[in-house]
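# Architecture and fold: a report
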Amino acid sequence: MENTEKYRGTTSELDSEAIQKLYYEYQMTNQEIADIIKINYKEKFIYEKERDLFEYIYDAESLRTLSGRKNKKKRNHVNTFLNLYKNRYEYKLLEKENFEECLELIDRWEQNKENIESSGHKELDEEILSIKEVFENYEKLKDNVKIAGVYIDNKLEAFTIGEKINENIALIHIEKANQNIKGLYQYINQQFLLNEFPNVKYVNREEDLGLDGLREAKLSYHPCKFIEKYSIKEA
């Protein structure tokens, strides 16, 4: 492989910056990066797959159009939402003045026991801290990070955060919605890509952290591939 050859024998260059370049610029998988490290370090390390950290990659056009038999249930959910809330909903990009509403939505979301159980207490705490960090640093991030929401009857009921990693890939960090509103998750998922990332080829929706509910939800969108993650330990 050309990119592997580029880094053969140059272990000093295999720092975090170099790995990020391989990962995003060359769109190499973590397995390919692990192979590069194997070439440089030979048998010095043991490599183990970390399934809970695999990142889910989707065909972006499939998520934008929800076409085909495999997406029939998702289309039905979206259509149900559109029919139930006709002329009552609004999708729009969010700004600083909307962030307090996002935090209020999270508070309501947390009150549902099933959400806590499916997300995990530790993971949810870390996620909320990440959201607050994005909000606090929004002025620095706003050229790259997109935040959008859906209002129903002038009340924020869903929001999502993502960014364009390169010309081919959009990365979705956060997606939160009122689970009592049928089809809302599917609607904001689709609209975010249609409006903010209309031309990307792939969508990365990150890992499931080994949480059953999250894994089931991510698999239901039919990923086209995974970015495999490895733990590397000294042999």
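Residues numbered from 1 in each chain as written. Predicted model: local features only at pLDDT ≥ 70, side-chain atom pairs only at ≥ 80, totals over all residues. Heavy atoms only, no water.

From N to C terminus, the protein includes eleven helices and nine strands. Classification of the 235 residues of the protein by burial places 43% in the buried group. Entry remark: accessible area of the protein is about 13500 Å², with carbon and sulfur atoms responsible for 44%. (Helix = DSSP H or I, 4+ residues; strand = E, 2+ residues; numbered from the N terminus. Buried < 20%, exposed > 50% of the residue type's maximum accessible area, 1.4 Å probe, protein only. Areas by Shrake-Rupley, 256 points an atom, 1.4 Å probe, with all protein chains shown as cover.)

Let us now look at the pattern of salt bridges. Taken as a whole, this structure holds twelve salt bridges when the rule is applied. A salt bridge links arginine 215 to aspartate 52, with the shortest nitrogen-to-oxygen separation between them at 2.9 Å. Taken together, the residues span a long stretch of sequence, with arginine 215 in helix α11 (residues 212-219) and aspartate 52 in the loop between β1 (45-49) and β2 (55-59) at a distance of 163 residues. On the accessibility criterion, arginine 215 (22% relative accessible area) is partly exposed. Given the relative accessible area of 36%, aspartate 52 is considered partly exposed. Between lysine 142 and glutamate 139 there is a salt bridge whose closest N-O contact spans 3.0 Å. Owing to a relative accessible area of 46%, glutamate 139 belongs among the partly exposed residues under this scheme. Through salt bridges with shared partners, one network takes in Arg51, Asp52, Asp208 and Arg215. (Salt bridge = Lys/Arg side-chain N within 4 Å of Asp/Glu carboxyl O.)

What follows concerns the side chain of lysine 74. Tracing the backbone through its elements, the reader meets lysine 74 in helix α5 (residues 72-84). Buried and unpaired, lysine 74 has glutamate 175 as its nearest opposite-charge partner, separated by 8.7 Å. Apart from residues lying up to four places away in sequence, lysine 74 is in contact with Leu66, Gln186, Ser220 and Tyr221. (Lys, Arg positive; Asp, Glu negative; His and termini not counted. Contact = heavy atoms within 4.5 Å.)

Okay, unusual backbone geometry next. Positive phi, normally seen in glycine, also occurs at aspartate 153, with a value near 55 degrees. As for its placement among the helices and strands, aspartate 153 is situated in the loop between β4 (145-152) and β5 (155-164). The class for aspartate 153 is partly exposed, based on a relative accessible area of 46%. If you check the backbone angles, histidine 222 has positive phi at about 60 degrees while not being a glycine. Along the chain, histidine 222 turns up in the loop between α11 and β8 (225-227).

Honestly, that's just the spatial picture; any functional story needs more than this.
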